[in-house]
Structures are given as structure tokens and as C-alpha cells.
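# Residue-level structure breakdown
Residues per chain, in single letters:
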2 protein chains.
Amino acid sequence: MASDGRRAVVLLSGGLDSATALAVARAERFACYALTIDYGQRHRVELDAARRVATALGASDHVILTVDLRRFGGSALTADVALPRDRDPKAMVDIPATYVPARNTVFLSLALAWAEAIDAQDIFIGVNALDYSGYPDCRPEYIHAFEQMANLATKAGVESRSRFTIHTPLIQLTKAEIVRRAFDLGVDPALTWSCYDPQLDGRVCGTCDACILRAKGFAEAGLTDPRS
Amino acid sequence: MASDGRRAVVLLSGGLDSATALAVARAERFACYALTIDYGQRHRVELDAARRVATALGASDHVILTVDLRRFGGSALTADVALPRDRDPKAMVDIPATYVPARNTVFLSLALAWAEAIDAQDIFIGVNALDYSGYPDCRPEYIHAFEQMANLATKAGVESRSRFTIHTPLIQLTKAEIVRRAFDLGVDPALTWSCYDPQLDGRVCGTCDACILRAKGFAEAGLTDPRS
């Protein structure tokens, strides 16, 4: 798919949501600069997934940047803390142990740095507020505040050369709607990785929050997950 | 100096301004968690200065985190681009080539991540808007927007356990006032490093913006810089 010359930085974890966000950006004819953060996550296999997805979806560039958030601690995703298991999605209303302090703020800041350096005005992030309201940094009011800050933070903003826009194409979708969107846009879910706790045999655990929500999405969309 | 138990994350570059910000935080009896970012800066000698300063001023912990912003480009501080030389401070009103895209946003985001993980509500940054207005991310309106965003971004903010405050004790001081403040608080300027372009013999260049402004500060304060 050809781009129309506009550049976008797309945060790409390697999961289904961020892959779908990248596919949306490509469908909107952006030249996509995919940014993956190696923050010391226990599910490092998602970095390989990010590489596969960036290639498959035609990213113009893909940077995997190391920012070792383990040094700060405070999360089950970066420390030896038990993951929540077999939870009912309806019960996922509190902020879970998998919350990584200020993660999306760190990620969006790095995306902003890259965007400004390459004269991109657009940043895509696959956050979702509807089906998983536990993370504060996935809510529209947070994204809006980040956007306001970004336009005061930067040379580009100050010189009014451009205004940064944080695109959140999935923020109001259900997991089922995201799965359908992914299929419609030609995202191969087999390339993606969502599970927080990869098993030794290379399979997903099936019981962490990410597995539960992904399974719910596929079930409600009436589709089969090649990863399950 | 004993702390009263409150923790603060202090961004510490190794320069005189951030050392003074750390000294202010200590004087306010915070237990200080000093954070230095190794972002690929050409003046890497400032990392050693940061170590010396953190020890001398009694930081409770000091993390040097690698975030290689060279990969994004766009700045004379991280790429092979000529530095501005011998500029009159009065002429430093435009955003210079040493601007690093979104640097303070990346730094403050990482400080926020650490602060939330250790239950700190306070972040100190030695930005200065008065004597060097060229950087957009040193202005009070930017700091205010970051603070607003931070309190929407975090579990701590959402649960109203705490409100994050970004302290900018130097933001309205002249360079001369910063130098005097540093002396009053017992900061040894010989431990700090400001120059963007360290010479092979280990001395400062004397002609980059950072050297010019530091010299102006010492001259106006009527003090001698052991680094000059």
C-alpha cells in the first residue's frame, strides 16, 4: 500500500491491538515508523512478534529501543510478582498487578521524540478503554492531556509548524470489534503475541488477563485464534 | 542531612543546574532518588559528573538509565552536527541545534515511572526559562501541562493516593542566581560538568552555549569557576 508522504510513528508491542493500530495507520496511507520498546518485559517473545508484524504490514522503519524499566520495579510484567490468573473480564476494573508505572507515558514520549525528529505529526497507539478499563493511561482524558503537553513540549509545537495528534483508533472498540477490524485490515493474528506468560513449549498460557481478553474477543467475533 | 521520609526523584544530568536542583531537594529534606539518562550525548563525561554529584550531595539512590536517543536523530547533542559557538547569550532566543527532540518529556516520563514505583510524589528538574529561553520544554506552561498529564497517567493519580508535583526551583532564576544558590547550598562546581564539547585534554571548550552561559553566571555572581 503506497503512502501519501505523511509520516506517523506507531507504537508496536507485537500484540494484536498494536498490530491493528499499525494496519489502521497504513490504511490511512501513512508511511509508518514502528517503535517497539524493550523494557525488560517478561514476555520478550512479543519483540519477535513486533518484528514480524512490522515487516508484514509494510512499516517504513522499525526501531526496537531498550529502556530497562525493571530498574524501577513496581510491576508484575517486569518483576518476579505473580500474574493475575483466570479472571472474569467483568472483574477487570481495578488496576492490576500487570500495570507498569507510567508505561504509556514513557512510550508516547519516545514516540514524540522520534516523531519530532522525522517531522511526523501523527502518533498511533493501540490503547483500549472499553474492554479493559484498569489502566489509567488508556483513557481518553489521559490521551488528551498528553497531546496538550506534547504541543507545548516541542520545537515543532512552539514554532507552529505542526500540531501533534495522538491517534487511538481502538480506544472505544470492544475486543470483538478489534478482532474483526484486524481481520478486515489483513492482520494475521498468528504473527502477533498477546500472552504475558509464554510457556516453555512456546505456547500461550491461556490464563493471564491478556489471554482471557483475547479469547473473549475471538469468541465474540465468531473467529478462531491461530494462537490459542 | 537527614530526610523527613518523603521521597523525590531528581533528574540529574551532572551539570551545575541539576546539581543545584538536587541540593534544593535535599535542603527541603527529601530522600533523593537521582536519575541520570545516558541518551547517547556527545558529552558523556557528564555521566561521571552525575555520579560524583549524587554521592557528594547524599542521594539515597542513583540510577543511570540508557535510552539511546541517537537512533532518532535530530540534534547536535546526539549526532555529528556542528555546535553553535561563541554566541552572545542575548542572541540565544531561537531554538538551537542542541535541542534534543522531546528530551525533557522523555526524562520527566522516566522520572514519573520511577516516582510512582517508589511512592514518591515529587519530581525535581533543574530547568531554567529565564536565561535560556530557547528550549520549549523548559517553560512553565510546559511543566504545568506535564504535571496535569502525570496525574491522569498514573495509578497513584487515579486512586487519588497522591498528586505528583514537578518542582522547578531554578525556573525563574538568572544564571548568576543559580551559581549563588549552588554556592549557598554547598554544591562544589568542580564536581559538575556543563560543556557540550569536552576537549581531548579533559577541559571544557569554552565556546559552546553551555560554556558561555556558565561563564556569564559566574562572572555576574562575582565568583570563580574551578572548571573554567
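A brief structural summary. For every chain, the first residue of the written sequence is number 1, and numbering continues from 1 onward in sequence order. Key to labels: chains lettered from A, ligands numbered from 1, both in the order written. Local features are withheld for residues below a pLDDT of 70 in this predicted model, meaning they are given only at 70 or higher, and side-chain atom pairs are given and counted only at 80 or more; totals for whole chains, interfaces and linings count all residues.

### As for the overall build of chain A
- By definition, any uninterrupted DSSP run of H or I lasting at least four residues is a helix, any uninterrupted run of E lasting at least two residues is a strand, and each is numbered from the N terminus. Regarding its fold elements, chain A presents 7 helices and 5 strands.
- Going from N to C terminus, chain A has its helices and strands arranged as β-α-β-α-β-α-β-α-α-β-α-α.
- Its C-alpha atoms put chain A at 50 × 40 × 30 Å along the principal axes.
- Exposed residues have 12 or fewer other C-beta atoms within 10 Å of their own C-beta, buried residues have 20 or more, and residues in between are partly exposed; the C-beta atoms are placed from the backbone. The buried share of chain A, reckoned over its 228 residues, is 51%.
- C-beta atoms are first placed from the backbone for all residues, and any pair lying within 7 Å is then listed as a contact. Here the contacts in chain A between residues at least 6 apart in sequence split such that 72% fall between residues at least 24 apart.

### As for the packing of helix H4 (residues 140–153) of chain A against helix H4 (residues 140–153) of chain B
- Every angle, taken between N-to-C directions, lies between 0 and 180 degrees, and every axis is a line fitted to C-alpha atoms, over only the stretch in contact when it is a helix. Axis separation between H4 of chain A and H4 of chain B bottoms out at 9 Å; the angle between their running directions is 160°. By the angle between their axes, H4 of chain A is roughly antiparallel relative to H4 of chain B. The interaxial crossing formed by H4 of chain A with H4 of chain B has left-handed handedness. Together, Glu-141, Tyr-142, Ala-145, Phe-146, Gln-148, Met-149, Leu-152 and Ala-153 of chain A of H4 of chain A and Glu-141, Tyr-142, Ala-145, Phe-146, Gln-148, Met-149, Leu-152 and Ala-153 of chain B of H4 of chain B make up the contact between the two elements. The cut-offs work like this: below 35 degrees is roughly parallel, past 145 is roughly antiparallel, 65 to 115 is roughly perpendicular, and the gaps in between are oblique. Each crossing gets its handedness from the near helix: less than a right angle anticlockwise from the far helix is left-handed, clockwise is right-handed.

### Considerations on the pairing of strand E3 (residues 61–66) of chain B
- Relative to E3 of chain B, strand E2 (residues 31–38) of chain B is paired through 6 bridges, and the arrangement is parallel. Note on E3 of chain B: the bridge partner recorded for Ile-37 of chain B is Leu-65 of chain B. By definition, two strands form a pair when at least two bridges between them are found by DSSP.

### Notes on the interface of chain A and chain B
- Each partner contributes residues to the interface: chain A has 37 residues there, and chain B has 37 residues.
- At the level of elements, strand E3 (61–66), helix H3 (103–117), H4 and helix H5 (155–158) of chain A are the ones that each hand at least two residues to the side of chain A that touches chain B.
- Counting residues per element, the side of chain A that touches chain B draws most heavily on H3 of chain A, which supplies 9 residues.
- Tallied by class, the residues present in the side of chain A that touches chain B amount to 23 nonpolar, 8 polar and 6 charged. For this scheme, ten residues count as nonpolar: Ala, Val, Leu, Ile, Met, Phe, Trp, Tyr, Cys and Pro. Four count as charged, namely Asp, Glu, Lys and Arg, and the remainder, Gly too, count as polar.

### Some thoughts on the relation of the copies chain A and chain B
- Here the copies are superposed with least squares, the fitted atoms being C-alpha atoms of residues at a pLDDT of at least 70 in both. Relative to chain B, chain A is turned by 180° and slid 0.0 Å along the rotation axis, the superposed coordinates differing by an RMSD of 0.0 Å. The transformation just described matches what one would write down for a two-fold rotation axis. Taking C-alpha positions as the reference, the residue of chain A nearest the rotation axis is Val-67 of chain A, at 2.8 Å.
- Interface overlap between copies is the fraction of interface residues in one copy that are interface residues in the other; for chain A against chain B it reaches 100%, indicating a shared surface.

### Quick notes on the environment of Ala-50 of chain A
Residues and elements named next belong to chain A.
- With respect to the helices and strands, the residue Ala-50 is situated in helix H2 (residues 45–56).
- A residue is classified by how many C-beta atoms lie within 10 Å of it, and Ala-50, with 29 of them, is buried.
- Sequence spacing of Ala-50 and Phe-107 is 57 residues, and the spatial spacing of their C-alpha atoms is 15 Å.

### So, the sheet that holds strand E2 (residues 31–38) of chain A
Residue and element names in this part refer to chain A.
- Taking strand neighbours across the sheet as the criterion, the 5 strands line up as E3-E2-E1-E4-E5 in an open arrangement whose pairing is parallel. One side of each edge strand has no neighbouring strand; the edge strands of this open sheet are E3 and strand E5 (165–167). Between one strand and the next, the sheet's axes are offset by a mean angle of 25°, whatever the strand orientation.
- Judged from the 3 bridges that link them, strand E4 (residues 122–124) and E5 form a sheet pairing that is parallel. From the neighbouring strand, Asp-122 faces E5, where its bridge partner is Thr-165.

### A short note on the pairing of E2 of chain A
Residues and elements named next belong to chain A.
- The buried fraction of E2 is high, at 6 of 8 residues.
- With 5 bridges joining them, strand E1 (residues 7–11) and E2 adopt parallel strand pairing. Within E2, the residue paired with Val-9 across the bridge is Tyr-33.
- On the question of chirality, the crossover connecting E1 to the parallel E2 by way of helix H1 (residues 16–27) is right-handed. Seen with its strands pointing away from the viewer, a crossover is right-handed if its path from the first strand over the helix to the second goes clockwise.

### Details of H4 of chain A
- Every helix has an expected span of 1.5 Å times one less than the residues it contains. The first and last C-alpha atoms of H4 of chain A sit 20 Å apart over 14 residues, in line with the 20 Å expected at 1.5 Å per residue.
- Where H4 of chain A is concerned, the buried positions are Tyr-142, Ile-143, Ala-145, Phe-146, Met-149, Ala-150, Asn-151 and Ala-153 of chain A.
- Elements that come into contact with the buried residues of H4 of chain A comprise H3, H5 and E5 of chain A together with helix H3 (103–117) and H4 of chain B.

### Details of the sheet that holds strand E1 (residues 7–11) of chain B
Residue and element names in this part refer to chain B.
- The parallel open sheet is built from 5 strands, whose spatial order is E3-E2-E1-E4-E5. At either end of the open sheet lies a strand with only one pairing partner, and these are E3 and strand E5 (165–167). Sheet twist, expressed as the average angle between the axes of neighbouring strands with direction ignored, equals 25°.
- Where E1 lies against strand E4 (residues 122–124), 3 bridges are found, and the strand directions are parallel. For Ala-8, the partnering residue across the bridge sits in E4 and is Asp-122.

### Comments concerning unusual backbone geometry
All names here are of chain B.
- For Asp-86, which is not glycine, the phi torsion reads 50° and is therefore positive.
- Secondary-structure assignment places Asp-86 in the loop between E3 and H3.
- The phi dihedral of Ala-102 falls on the positive side, at around 60°, and the residue is not glycine.

### A look at the nonpolar core
- Counting residues in hydrophobic clusters, the biggest one holds 150 residues, and the most contacted among them are Val-10 and Leu-22 of chain A together with Val-10 and Leu-22 of chain B.
- Discounting residues that sit within four places of it in the chain, Leu-22 of chain A has contacts with Val-10, Leu-12, Cys-32, Ala-34, Val-53, Leu-57 and Ala-59 of chain A. The term nonpolar core refers to a set of buried Ala, Val, Leu, Ile, Met, Phe, Trp, Tyr and Cys residues connected through C-beta atoms within 7 Å.

### Focus on helix H7 (residues 209–221) of chain A
Residues and elements named next belong to chain A.
- Compared with an ideal rise of 1.5 Å per residue, which puts 13 residues at 18 Å, H7 spans 18 Å between its outermost C-alpha atoms and is within 8% of the ideal.
- Turning to H7, its buried residues are Asp-209, Ala-210, Cys-211, Ile-212, Leu-213, Arg-214, Gly-217 and Phe-218.
- The elements touched by buried residues of H7 are H1 and helix H6 (175–184).
- Following H7 by one or two positions, Gly-222 adopts a phi angle in the positive range, close to 70°.

### Here we look at the packing of H3 of chain A against H3 of chain B
- Contact geometry of H3 of chain A with H3 of chain B gives a least axis separation of 9 Å together with a crossing angle of 170°. It follows that H3 of chain A is roughly antiparallel to H3 of chain B by the angle criterion. Counted together, Thr-105, Val-106, Ser-109, Leu-110, Leu-112 and Ala-113 of chain A of H3 of chain A and Thr-105, Val-106, Ser-109, Leu-110, Leu-112 and Ala-113 of chain B of H3 of chain B form the full contact between these two elements.
- Of the residues belonging to the contact of H3 of chain A with H3 of chain B, the class tally is 8 nonpolar, 4 polar and no charged.

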